[in-house]
Amino acid sequence: MSFRKTAIGVGVATGALAWATSALALPYNYEMGMQPAASPVMERIESFHTFLLYIIVAVSLFVLALLIWIILRYNARANPVPSKTHHNSLLEVIWTIVPVIILVIIAVPSFKLLYYEAELPKPQPDLTIRVIGKQWYWTYQYPASNLSFDSNVLSKADAEKAGKVYLLAVDNVVVVPVNKVVAVDVTGADVIHSWAVPQFGVKMDAVPGRINRTWFLADRIGTFYGECSELCGPNHDAMPIEVHVVSDADFAKWLADAKKNTKVFSPIAMGETTRLAAQ
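Residues numbered from 1 in each chain as written. Predicted model: local features only at pLDDT ≥ 70, side-chain atom pairs only at ≥ 80, totals over all residues. Heavy atoms only, no water.

**So, the overall build of the protein chain**
Within the protein chain one finds seven helices and ten strands. Put simply, the protein chain has 279 residues, and 37% of those count as buried. Intrachain contacts of the protein chain at a sequence separation of at least 6 include 71% that bridge at least 24 residues. For the protein chain, the exposed surface amounts to about 15,700 Å²; the carbon and sulfur share of it is 64%. (Helix = DSSP H or I, 4+ residues; strand = E, 2+ residues; numbered from the N terminus. Buried < 20%, exposed > 50% of the residue type's maximum accessible area, 1.4 Å probe, protein only. Contact = heavy atoms within 4.5 Å. Areas by Shrake-Rupley, 256 points an atom, 1.4 Å probe, with all protein chains shown as cover.)

Okay, here's the thing in structure tokens:
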């Protein structure tokens, strides 16, 4: 966390490029729906979620109707002489086959979604970012630009001063261009963390000694938040993620400014990441 003071201008000052045009979709009390999707992956997740909701509601209503019918039809008053039927072969076949059919109907789009999330939509991503989870902050590396910086949660005073949300805002933000395929290589330096940004449909474990790859394509400009989603110690709640999606021109400007204001990672640091993944 040695760059915090030297690099803070990258996240707070130049981060205003995206902040000024943000349409923030922050979580709020008693929220029932998902935050608005900002990537094709999340759009598919929401679609699958809605599909499952229809099935769940239909099954629940059917079971409720069946229970009500049984209560009314087979109570002691309506049915004083109880049936002594042991089994019904046709009924048993039906209640075995129908759930199997329902599970198959669910499985097909589920597997399609899993494969879509796992495979990059193009052979080479437009941008690759390395994410290293640490107790309790994130280190980000842009290998193509030889850039590396730490991202720490802002204190309450700094968040209020910057007009940001405490426990979601960070000093050095991740900046990516809009409508570009971004590959994210995630690993951990100490314990298991998890890099998650709900509006992108991204959640990937940061496991020490292993590099897990995920991707997203942000389809609109704005500021998007996430958090570490794996319990990683007493300061687990102090590992927020702040991503600014900007235009190509603003991304190039941010990259130039960032390289002037932060340390670049050395070949030793790059080798260390590779060594961790190879263990």
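After presenting the structure, the write-up continues.
**Re unusual backbone geometry**
Here the amide bond leading from Gln 135 into Trp 136 is cis, since omega sits at 0°, within 30 degrees of zero. When you line up the elements, Trp 136 lands in the loop between strand 1 (127-134) and strand 2 (137-142). Non-glycine residue Leu 167 carries a positive phi angle of around 75°. Along the chain, the position of Leu 167 falls in the loop between helix 5 (156-162) and strand 4 (174-177).

**A few points about the packing of aromatic side chains**
As enumerated under the stated definition, the model contains ten aromatic pairs in all. Ring plane angle 75° and centroid distance 5.7 Å describe the contact between Tyr 116 and Trp 215, whose orientation is recorded as edge-to-face. Of this pair, Tyr 116 sits in helix 4 (residues 89-118) while Trp 215 is found in strand 8 (residues 212-217), placing the two residues 99 residues apart along the sequence. Note on Phe 200 and Phe 216: the rings are 4.5 Å apart at their centroids and 10° apart in plane angle, and the pair reads as stacked. Taken together, the positions of Phe 200 in the loop between strand 6 (193-197) and strand 7 (202-206) and Phe 216 in strand 8 put the pair 16 residues apart, joining distant regions of the chain. Both residues of the pair, Phe 200 and Phe 216, belong to the buried class. A connected cluster of aromatic rings, assembled from ring pairs, spans Tyr 140, Tyr 142, Phe 149, Phe 251 and Trp 254. The ring of Tyr 116 carries Arg 44 above its face, with NZ or CZ at 3.7 Å from the centroid. If you follow Arg 73 out to its NZ or CZ, it ends over the ring of Tyr 74, 4.9 Å from the centre. (Phe/Tyr/Trp six-rings, centres within 6.5 Å; stacked < 30°, edge-to-face > 60°. Lys NZ or Arg CZ within 6 Å of the ring centre and 35° of its normal.)

**Digging into the sheet that holds strand 2**
In spatial order, the strands read 3-2-1-5-8; together these five strands make up an open sheet with mixed pairing. This sheet does not close on itself; its edge strands, each paired only once, are strand 3 (147-151) and strand 8. Recorded for the sheet is a direction-independent mean angle of 25° between the axes of neighbouring strands. Where strand 5 (residues 181-188) and strand 8 come together, six bridges link them in antiparallel fashion. Directly across from Ala 183, in strand 8, lies its bridge partner Trp 215. (Pairing = 2+ DSSP bridges. Axes fitted to C-alpha atoms, helices over the stretch in contact; angles between N-to-C directions.)

**Looking at the confidence of the model for the protein chain**
This prediction gives the protein chain a mean pLDDT of 85; 84% of its residues lie at or above 70. Confidence drops under pLDDT 50 across residues 1-24; counting only partners more than four residues distant or on other chains, this segment forms 59 contacts. For residues 266-279, every residue scores under 50 in pLDDT, and the model assigns this stretch 15 contacts once sequence neighbours within four places are set aside. (pLDDT = per-residue confidence, 0-100.)

**Remarks on the pattern of salt bridges**
Here the structure, examined in full by the defined rule, presents five salt bridges. With a closest N to O distance of 3.3 Å, Lys 164 and Glu 242 form a salt bridge. Placement of the pair is Lys 164 in the loop between helix 5 and strand 4 and Glu 242 in strand 10 (residues 240-246), with a sequence separation of 78 residues. For Arg 213, the salt bridge identified is with Asp 185, shortest N-O distance 2.7 Å. On the criterion of sequence distance, the pair formed by Arg 213 in strand 8 and Asp 185 in strand 5 is long-range, its members being 28 residues apart. You can call Asp 185 buried: its relative accessible area is 13%. (Salt bridge = Lys/Arg side-chain N within 4 Å of Asp/Glu carboxyl O.)

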